[in-house]
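# Architecture and fold: a report
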Amino acid sequence: MKTSCGSMLGLWGQRLPAAWVLLLLRFLPLLLLAAPAPHRASYKPVIVVHGLFDSSYSFRHLLEYINETHPGTVVTVLDLFDGRESLRPLWEQVQGFREAVVPIMAKAPQGVHLICYSQGGLVCRALLSVMDDHNVDSFISLSSPQMGQYGDTDYLKWLFPTSMRSNLYRICYSPWGQEFSICNYWHDPHHDDLYLNASSFLALINGERDHPNATVWRKNFLRVGHLVLIGGPDDGVITPWQSSFFGFYDANETVLEMEEQLVYLRDSFGLKTLLARGAIVRCPMAGISHTAWHSNRTLYETCIEPWLS
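The present account deals with the structure reproduced in this document. Computed from a predicted structure; not experimentally measured. (Residues numbered from 1 in each chain as written. Predicted model: local features only at pLDDT ≥ 70, side-chain atom pairs only at ≥ 80, totals over all residues. Heavy atoms only, no water.)

In the structure shown here, the tally under the stated rule is 13 aromatic pairs. Judged by centre distance (6.0 Å) and plane angle (75°), the rings of phenylalanine 59 and tyrosine 117 are edge-to-face. In this pair, phenylalanine 59 sits in the loop between strand S1 (46-49) and helix H3 (60-69) while tyrosine 117 sits in strand S3 (residues 112-117), placing the two residues 58 residues apart along the sequence. Of the two residues, phenylalanine 59 and tyrosine 117, neither departs from the other in class, the shared state being buried. Measuring from ring centre to ring centre gives 6.3 Å for tyrosine 150 and tyrosine 249, while their planes differ by 85°; the resulting arrangement is edge-to-face. Placement of tyrosine 150 in the loop between strand S4 (136-142) and helix H6 (154-159) and of tyrosine 249 in strand S6 (residues 248-249) is noted, with a sequence separation of 99 residues between them. Here the two residues tyrosine 150 and tyrosine 249 agree in accessibility, since each one is buried. Through a chain of ring-to-ring contacts, three or more aromatic side chains come together here, namely Tyr150, Trp186, Phe248 and Tyr249. It is arginine 125 that lies over the ring of phenylalanine 269; its NZ or CZ is 4.6 Å from the centre. (Phe/Tyr/Trp six-rings, centres within 6.5 Å; stacked < 30°, edge-to-face > 60°. Helix = DSSP H or I, 4+ residues; strand = E, 2+ residues; numbered from the N terminus. Buried < 20%, exposed > 50% of the residue type's maximum accessible area, 1.4 Å probe, protein only. Lys NZ or Arg CZ within 6 Å of the ring centre and 35° of its normal.)

Right, dumping it as structure tokens:
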């Protein structure tokens with residue numbers, strides 16, 4: 001049964017003196033204005049870290065997508081170690097990026113999201129390890145060589161024109177070679193002993209080599225809400241491409257998936273724990289080349305946007 005406004009006022013008029021009814025109607029608009037507006041939760045800030053030879057300009061499309069789908073989101077594309085400066089040792093870059101993200105996190109008590117591309121994904125993983133009080137909700141690793149790189153690419157040919165992947169270990173596993181970022185995650189499956197002894201970055205954040213901070217770093221890494229891994233078979237740079245999902249070659253260059261890797265089986269830095277609690281998301285996408293991951297709209301809508309809460 002429907003009741004009209006007129007009949008409602010008639011009922012009020014029968015129960016209340018006319019003066020009170022007039023007074024109520026007079027102040028009703030003010031009461032409605034004073035009522036609290038429905039609360040709309042704001043989106044968490046997004047921090048973007050670029051890759052090798054990149055700069056913030058490379059992410060203009062991604063910035064546009066986020067602004068369209070999540071208006072009002074504060075997005076910071078960190079403009080550090082651009083271009084050739086991205087060849088600086090990764091621990092140096094980690095320190096620089098850490099100084100940049102600390103104030104952003106401090107202003108976001110509800111947490112932040114990290115989108116980290118290519119080499120930047122390793123920088124971000126190290127940040128999660130060394131920061132005791134980070135508040136990263138989603139760490140989105142965008143085509144990043146998380147288990148290392150072992151492949152001839154244009155980048156390598158430009159840096160080391162006289163070397164191929166089979167003998168690059170002679171350079172990368174030397175003190176001089178470790179001064180180049182790309183050597184910090186060069187992972188030669190045929191010289192595992194040299195890698196473990198010489199790698200000053202990847203072997204440490206993977207917990208493959210003992211060091212005094214291993215327990216604390218693992219605890220810090222496990223503070224992350226979700227680990228979103230993105231990559232694909234047509235990348236053309238990350239080798240093997242499964243490195244984006246923590247897969248890698250064995251000594252016969254057969255790719256072993258994440259669950260077959262020693263770092264997972266030993267849970268050396270927390271992968272197994274994250275997977276057990278449902279915090280790891282794998283999003284493989286075919287048909288995307290390495291330089292197109294941050295500008296592909298379908299990839300954004302499928303693999304990134306759902307995790308920007």
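Next comes the rest of the write-up.
Taken together, 6 strands build an open sheet; the order of strands is S2-S1-S3-S4-S5-S8 and the sheet is parallel. What marks the edges here is a single partner per strand, and that holds for strand S2 (75-77) and strand S8 (280-284). Across the sheet, the mean angle separating the axes of adjacent strands is 15° when strand polarity is ignored. Strand direction decides the pairing type here: strand S5 (residues 226-231) and S8, joined by 5 bridges, are parallel. Residue pairing for S8: leucine 229 is matched across the bridge by arginine 282. The sheet strands contacting helix H4 (residues 90-106) are S1, S2, S3 and S4, and the helix crosses S1 at an angle near 170°. Where helix H14 (residues 297-304) meets the sheet, it contacts S3, S4, S5 and S8, and its direction lies at approximately 150° from that of S5. (Pairing = 2+ DSSP bridges. Axes fitted to C-alpha atoms, helices over the stretch in contact; angles between N-to-C directions. Contact = heavy atoms within 4.5 Å.)

Another point: helix H5 (residues 119-130). For H5, built from 12 residues, the straight-helix expectation of 16 Å at 1.5 Å per residue is met to within 8% by its first-to-last C-alpha distance of 17 Å. All buried positions along H5 are accounted for by Gln119, Gly120, Gly121, Leu122, Val123, Cys124, Arg125, Ala126, Leu127, Leu128, Ser129 and Val130. (Expected span 1.5 Å × (residues − 1).)

Turning our attention to the packing of H4 against H5. It is the contact of H4 with H5, at a shortest axis distance of 9 Å, that shows an interaxial angle of 65°. Comparing the axis directions of H4 and H5 gives the class roughly perpendicular. As for how H4 packs across H5, the hand of that crossing is right-handed. Contacts from Leu90, Trp91, Gln93, Val94, Phe97 and Arg98 in H4 reach Gln119, Val123, Ala126, Leu127 and Val130 in H5. Split by residue class, the contact of H4 with H5 holds 8 nonpolar, 2 polar and 1 charged. (Parallel < 35°, antiparallel > 145°, perpendicular 65-115°, else oblique. Left-handed = near helix turned anticlockwise from the far one by under 90°. Nonpolar A, V, L, I, M, F, W, Y, C, P; charged D, E, K, R; others polar.)

The subject of this paragraph is the state of the cysteines. The final tally for this structure, using the stated rule, is 3 disulfides. The disulfide that involves cysteine 116 links it to cysteine 124, with 2.0 Å between the sulfurs. Classification of the bridge connecting cysteine 116 and cysteine 124 rests on its S-S torsion, roughly -85°, and on that basis the disulfide is left-handed. A relative accessible area of 0% places cysteine 116 in the buried class. For cysteine 124, a relative accessible area of 0% gives the class buried. Here the cysteine-cysteine linkages of the protein chain are recorded as 1-2, 3-4, 5-6, numbering only bonded cysteines and doing so in sequence order. (Disulfide = S-S within 2.5 Å.)

Relative to the elements of secondary structure, glutamate 85 occurs in the loop between S2 and H4. Taking relative accessible area as the criterion, glutamate 85 reaches 45% and is therefore assigned partly exposed. C-alpha of glutamate 85 to C-alpha of leucine 52: the two residues are 33 residues apart in sequence and 8.8 Å apart in space.

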